[in-house]
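Results of the structural survey
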Amino acid sequence: MAKLKNIIKQLSMRDYQAIHDALIESNAEKSAYLLKSMRERHLSDTKIMDELGVNTNAYYTLRSRLNQKIEEYLLQQMESPRTDILKKVANINEIIFTKKKAIAIATLKKLEKELLDYDLSNELTIVYKSLKKLHINAPDYFNYSQLYNKHVAYMLAVDKAEDLLAEYFKKYGNYSLSGQETEKMELFLLMKEMSNVCSLYQSHRLYVYQSCMTIFHRLFVAKDEEVGTETEPIEDILDNIEKVFNSYQMDSIYYHLNLVFEFLKLEYYNHYKVYRKAEKYYEEVNDAASNLLTNYSLYTFPAQFLNTKIERHIRLDKERDMYEENEGIFHDFEGDPLDVPKHVNYVMYRALSCYYSENYEEAARLINGLLNEVSLKRFPQAQLEIKIILALQYCILNDFDLFNQLINSIQRQIRLLGKENCENLTILSKILKISISDIKKNKYEKIGVLVDKFKRLEKGHFMPTMLIKMDDAFVSRLSE
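A brief report on the enclosed structure follows.

About the thresholds
Residues numbered from 1 in each chain as written. Predicted model: local features only at pLDDT ≥ 70, side-chain atom pairs only at ≥ 80, totals over all residues. Heavy atoms only, no water. Helix = DSSP H or I, 4+ residues; strand = E, 2+ residues; numbered from the N terminus. Expected span 1.5 Å × (residues − 1). Core = buried A, V, L, I, M, F, W, Y, C linked by side-chain atoms within 4.5 Å. Buried < 20%, exposed > 50% of the residue type's maximum accessible area, 1.4 Å probe, protein only. Contact = heavy atoms within 4.5 Å. Phe/Tyr/Trp six-rings, centres within 6.5 Å; stacked < 30°, edge-to-face > 60°. Lys NZ or Arg CZ within 6 Å of the ring centre and 35° of its normal.

1. A word on helix α9 (residues 140-178)
Across its 39 residues, α9 extends 57 Å between first and last C-alpha, which sits within 8% of the 57 Å expected from 1.5 Å per residue. At the exit of α9 stands Gly179, carrying a positive phi of roughly 70°.

Okay, here's the thing in structure tokens:
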């Protein structure tokens, strides 16, 4: 929220008035009022909600849409010069066939300078190819041939880096559900390959792509002892990325990737439990959560934010707030069952939001829908995690038939996987069995002992069971 207010206050008067007028013209009076309130008045969120006559849900939606409108306007302003340059590149043949040679060369050299400023390597190859042809009888022919070859090779390196980035996060998604060492090794190999590609050129674009992978890898894959002492500190990387983004403010890719690095800053400070600094980035990422999940899977693993969000709400004792927030944040989000890791994390996040707001039937319906929608045969342990969360809903709902049928299936699968490999599932299944049993004597004490044992376990990769808040209220509820 603070980030949105800062953006609005930093808008020039011309940009502010243009956005305000556009909102009024499109009959978005409430968004226009919110824009004006954040710009000109110092009101709390509660006061603004009262004046607008909206609930928390609608306010989140309104705020998200206003943020989107401002971004669209700023992006449009930013892209206009780029669009002009790209139009000039598209008209290069027209220049060559209709202008005198000296004028054509002068025009192309001016265009070369503009493209270098914008770091548009693909378009530079077209310019150098044309300059090479125009200088076929001149000494500069060799120079332009070299520049053309260099930029073609650089363009291929950038394409390779983008492919490696997308492949890394696809593979990380699978690793997050399986935790298999072979997949972890493949992630290290992809990191090494990215490093080899990026070492070929001194390029800020390659550095940005490599940093997307490097920071995430060091936070969620590599252990501290697996990171060399000579590696660049994460805070230094983040500072350097900010300098790059400030230097190339007209670059549309960097404009969008700023959200990825806001997310990585949040995860970095959260990882090291510097929660005060993490809060600086939470609101910005939370407002854009739907966009992050929908459009950024090629550059990061956005589903991680959902786990971070649950952990934050539990830490702040606000887990009940998530259910109402979701309607505003994810009102237009569409899940993608083909992207299994992201879809699983999203549905389980929604199910846990329902659980914390005591909508147990809705939670059960979401989980059943997930189990019917995607195949998790490749991820048996993740499937068990999901099933036992479903069993928890049946237990609380006192649906004995469905619970017994499911818990027996879970316990058979635990034996097949080995109890030592899924200790958290073994303990939780025992807790649920005690809860639903007819024996009332010492039920609270027995569940309490198992809960203490559960809390001492280390969290693994995909473990929604570890996102269940096992406090006195939890023990009491299951003891009744």
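2. Describing the nonpolar core
Of all hydrophobic cores here, the largest spans 119 residues; its most connected members are Tyr168, Val344 and Phe474. Sequence-distant contacts of Phe474, that is, excluding residues within four places in its chain, are made with Tyr355, Leu392, Ile431, Val451, Ile468 and Lys469. Formed by 19 residues, the second largest nonpolar core is a distinct cluster that contains Ala32, Leu35, Leu52 and Tyr73.

3. Some details on the packing of aromatic side chains
How two aromatic rings sit relative to each other is set out by the distance from centre to centre and by the angle between their planes. Taken as a whole, this structure holds 22 aromatic pairs when the rule is applied. Both rings, one in Phe169 and one in Phe216, keep their centres 5.2 Å apart while their planes meet at 80°; by these two values the pair is edge-to-face. You can see Phe169 sitting in helix α9 and its partner Phe216 sitting in helix α11 (residues 204-220), a full 47 residues away along the chain. A single burial state applies to Phe169 and to Phe216, both of which are buried. Each ring, one from Tyr172 and one from Tyr175, has its centre 6.1 Å from the other, and the planes form 65°; the classification is edge-to-face. In this pair, Tyr172 and Tyr175 are both assigned in helix α9, three residues apart and thus about one turn of the helix distant. The same class applies to Tyr172 as to Tyr175, namely buried. By way of ring pairs, the aromatic residues Tyr168, Phe169, Tyr172, Tyr175, Phe216, Phe220 and Phe301 are connected into one cluster. Over the ring of Tyr254 we find Arg205; its NZ or CZ atom is 4.8 Å from the centre of that ring.

Without other data, these values stay purely geometric and don't point to any function.
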